[in-house]
Amino acid sequence: SIEPLLAAHDVDQEIKECALSATASLLSFLHANLTPEQKSKLLSLLLERLTNETTRIAAIKTLSTIAAASSGSDAAEKIDLSNVLGEMIESMAGFLKLQSRSLKQSSL
């Protein structure tokens, strides 16, 4: 039920941000209950939100939450971000060149 809101382009900003927050919680705590296809789809939608100017900061915070949850010591509890990690890093490195202070801080 989060996926359609995350993919939609014609919803309010607040709904987009809430969908990103819900995605962070879903992937951080319940990723073991998702299929690999569902995880891949959600991560690709997050990358899409990362390229959208209006949702960049919220997407960075979402990815940060997911990455922090994945850094635990239990290997079974980690979510695999390897298929999107390169694009994430590339995008965020590009954000450091932009003038937006809040975007730079979030990217770091």
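Residues numbered from 1 in each chain as written. Predicted model: local features only at pLDDT ≥ 70, side-chain atom pairs only at ≥ 80, totals over all residues. Heavy atoms only, no water.

In terms of helices and strands, the chain carries six helices and zero strands. Listed N to C, the secondary structure of the chain is α-α-α-α-α-α in terms of helices and strands. Whereas a compact globule of 108 residues would reach a radius of gyration of roughly 13 Å, the chain reaches 13 Å, a difference of no more than 12%. Principal axes of the C-alpha set define a box for the chain whose edges measure 40 × 30 × 20 Å. Of the contacts formed within the chain by residues at least 6 apart in sequence, a portion of 57% connects residues at least 24 apart. (Helix = DSSP H or I, 4+ residues; strand = E, 2+ residues; numbered from the N terminus. Rg over C-alpha atoms; globule rule 2.2 N^0.38 Å. Contact = heavy atoms within 4.5 Å.)

For the rest of this paragraph, the subject is helix H2 (residues 13-29). Along its 17 residues, H2 runs 24 Å from first to last C-alpha, staying within 8% of the 24 Å computed at 1.5 Å per residue. Listing the buried residues of H2 in full gives Lys16, Ala19, Leu20, Thr23, Ala24, Leu27 and Ser28. Seen end-on, H2 carries its buried residues on one side only, within an arc spanning 160°. Opposite its buried face, H2 presents the exposed residues Glu14 and Phe29, each directed more than 90 degrees away. For H2, the secondary structure elements touched by its buried residues are helix H1 (2-7), helix H3 (36-51) and helix H4 (56-69). (Expected span 1.5 Å × (residues − 1). Buried < 20%, exposed > 50% of the residue type's maximum accessible area, 1.4 Å probe, protein only. Arc of directions from axis to C-beta.)

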